[in-house]
Amino acid sequence: MTPAVHTGPMITTGAPRGEQQGRGRGSRGSDDTARAVSVSAGWQPLAGAALLDRLRHTGRARPTADPALAADLRSFVAAGFDDTPAGAVASGLVVTKDRLTRALACPSHRVADGSPARPFTVPLACGALVDVLFRQLVTVGTVGDAMVDALDGLALDEHQAPLVAWIGQLAHAERSELRAEVERQSDGLRRRWPALDPSWLPRTRETLRASLAGGRVELVARVDLALGRPAEDEATVAIVEVTSGSRRPGHRDDLHVDALVGALRSSAPPFVVATYYVRTGELDVDPVTPDLLVSAARRCRAGIDAMVSADAGTRPAAFDHPYCAGCAELPLRADRPDRSAPSATVSSVSDPRTAVTEVVLFPQERAA
Amino acid sequence: MSHSTGTRTDALLAVPPRPVGDDARARVRDRLVDGVAGAVAGLPPGGLVEVALPSLRRARSRPESVGLAEPDFAWKPVFARRSLGLAAVRACVEGRFGGPAAAVGPLADRAVDEWRRSGWRTFHWEPWFDGLGAGGRAAVLAEATTWATPLWAAFDWAEFGPGVVLGGADDQWTCPGPRAVRLKGRCEVRVTIDPPGGPADTTGTAVGASALVSVSGGSPGGDWPEELSYLALVAGLRSTDRPVPARVLGLWPEAGAHRMVEVDGGLLGAAADRVVTTVALTAVARSNAPDVGGTVSTASEEGFGVEDGAAVEPALV
């Protein structure tokens, strides 16, 4: 039965897009630098309809509109800000996922706003190119020469001009390394990512905004893929973030911010947020629950407090850093406490279909 | 305000209140003409000042940027998304496609084919689009899909009947005086909400009334009633033989927000005052930057003046 979230019958490919042969479990392409950190027998990436099913069926009832919870979250996140409408000229505090992460970093990991952008690397370039290819695949259903298509698309984004120029001056060996990885990930996308029925209203790079405290605080998130008609009485939207790198704890923090912004701007939150790891085909799924939203609101509030105190020069010397993504950047272990997720979401990790069974490190071992 | 699609559609189509009368319209016009004349009095003759909704917003939020020289125009996906997105929604309303995601590709291909065959540019960006590689074209289509989808999902389109127009020419009105000041109003949807013979015909309140829908980036600011009323103001000044639009609904998809104004004389007057303020800021900027010269559009990067007229949202921070 097609859930109410979808505006038409679900029509998907019965099998992964493209060919399936030559990609048996454990095959990691031709990149000799890639290495398996851990391998669990019996696991293989979800693809096609199975991937969509994993996204659609979270095992939990979909949230319904809860104005009281939304109001509580809004007032909690923006506590301390005057609720009277801001003057038209006054600029509010814009809170993005990146700004939150930076604000919550401990002194060792802190990178101040306005610092020079982190240097371009091959993994970072790969991430940008794979993002473009994902968008292309969702939109037109095909990818030709992955590197050419990705650079074509990236070149249209004026903000990416420095990165495009950097890629253009890469030495032959580095460019070959980049091309190989982009092609490998593109191939994985083509084989695994399902076609999306237009009636699901897929949209890529959708910007979500939630204006709080009369515009004095604005939470902003751009999501790689949103599916489903805007929520009315029941949650109907699924959000997917795509990454070309390996798992990092901060990815879930970012997902939860997506869920929070979605909850604050609509009558009902998204019913699920997920990260799709293109390189491995892993799909981390978090059903959106009140606990998740409250947890995200706490982190968001802490980040806003840190931004405000940093701006005012009043950050306490003994500032606690429970949300520092850099400190949390350790291999995911079963005994590592998950600060951001309440126990309700553990099912997404314990689900054998999405469990962390294989992490293939990208060259230089940094996610893009 | 309810987020329900049906509720929103019903609210837009509700029998309108008493329309803005001709006297009120004339008073607002006179107020605007007088105000603009004073605002541009210090400018040398010649040149053209253009005002549009984005420039009204910019004059309020970033007054220091008004009158700055425009960057050279070059097509990019955000400039093409509105026209292609509107075409996609129109095609969906007509039942030709199940959603914008399915419509944008065939519509773009058809437009390019038509341009190649006849030289006719439906959207103006066909030659640019045709020169892009597959990845670039996909980026344009993706941008249009993401722009169009919230609009498509915002209404029960079947309820509008045949009296709905998507896109179309901008409303324009040139303020009389020695220095040309042109007002441009751009909306995404026009709906006839009370055709002759409709409910209002029996009460004599607003026969032939219409409503406008405007799609914007960002979040609604505190002055949204005046800003939405600006669109009704320009439409009402442009064509005095038609009623001033009875209401204007604004959609801010990024914020998941919509707002609606029932247009009256007071709101039209407030919108006219915003125009005067914007023109005055522009005049000051021009006076301080004599090199700018020529036509000064206060629409800036929001895309007005571009054939497609895409409304470009502020860059994501």
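Residues numbered from 1 in each chain as written. Chains lettered and ligands numbered in written order. Predicted model: local features only at pLDDT ≥ 70, side-chain atom pairs only at ≥ 80, totals over all residues. Heavy atoms only, no water.

## Observations regarding the overall build of chain B
Thinking step 1. Helices and strands together make up the secondary structure of chain B, namely ten helices and nine strands.
Thinking step 2. A total of 317 residues make up chain B; the buried ones form 56% of that total.
Thinking step 3. In chain B, once contacts between residues fewer than 6 apart in sequence are set aside, the share between residues at least 24 apart is 73%.
Thinking step 4. Split by element, the accessible area of chain B, about 12400 Å² in all, is 53% carbon and sulfur. (Helix = DSSP H or I, 4+ residues; strand = E, 2+ residues; numbered from the N terminus. Buried < 20%, exposed > 50% of the residue type's maximum accessible area, 1.4 Å probe, protein only. Contact = heavy atoms within 4.5 Å. Areas by Shrake-Rupley, 256 points an atom, 1.4 Å probe, with all protein chains shown as cover.)

## Observations regarding unusual backbone geometry
Thinking step 1. One non-glycine residue, Ala213(A), lies in positive phi territory at about 50°.
Thinking step 2. By the secondary structure assignment, Ala213(A) is in the loop between strand S2 (203–212) and strand S3 (217–227).
Thinking step 3. On the basis of relative accessible area, Ala213(A) is assigned to the buried category, the value being 9%.
Thinking step 4. Even without being glycine, His124(B) reaches a positive phi, approximately 80°.
Thinking step 5. The residue His124(B) is located in the loop between helix H5 (100–118) and helix H6 (126–130) in this model.

## Comments concerning the side chain of Asp197(A)
All names here are of chain A.
Thinking step 1. Here Asp-197 shows up in the loop between helix H7 (172–192) and S2.
Thinking step 2. Within the buried core, Asp-197 has no salt-bridge partner, and the shortest N-O distance to an opposite charge, that of Arg-229, equals 10 Å.
Thinking step 3. Side chain to side chain, Asp-197 and Ser-199 meet in a polar contact 2.5 Å long. (Lys, Arg positive; Asp, Glu negative; His and termini not counted. Salt bridge = Lys/Arg side-chain N within 4 Å of Asp/Glu carboxyl O. Polar contact = N/O pair within 3.5 Å; in protein donor to acceptor, adjacent residues only side chain to side chain.)

## A closer look at the confidence of the model for chain B
Residue and element names in this part refer to chain B.
Thinking step 1. Across chain B, pLDDT averages 86, with 86% of residues at or above 70.
Thinking step 2. Per-element confidence in chain B ranges from a low mean pLDDT of 47 for strand S9 (residues 295–297) to a high of 98 for helix H7 (residues 134–152).
Thinking step 3. Here residues 292–317 scores under 50 on pLDDT; set against residues more than four positions off or in separate chains, the count is 88 contacts.
Thinking step 4. The ipTM value of the predicted complex is 0.86, and its pTM value is 0.84. (pLDDT = per-residue confidence, 0-100.)

## A closer look at the pattern of salt bridges
A pair can form between side chains of opposite charge whenever their charged atoms are brought close.
Residue and element names in this part refer to chain B.
Thinking step 1. The full count for this structure, using the stated rule, is 35 salt bridges over all chains.
Thinking step 2. Of the charged contacts, one joins Glu-143 and Arg-81 as a salt bridge, the two residues approaching to 3.1 Å between their closest N and O atoms. Here Glu-143 is found in helix H7, whereas its partner Arg-81 is found in helix H4 (residues 77–93), with 62 residues between them in sequence. One exposure class covers both Glu-143 and Arg-81, and it is buried.

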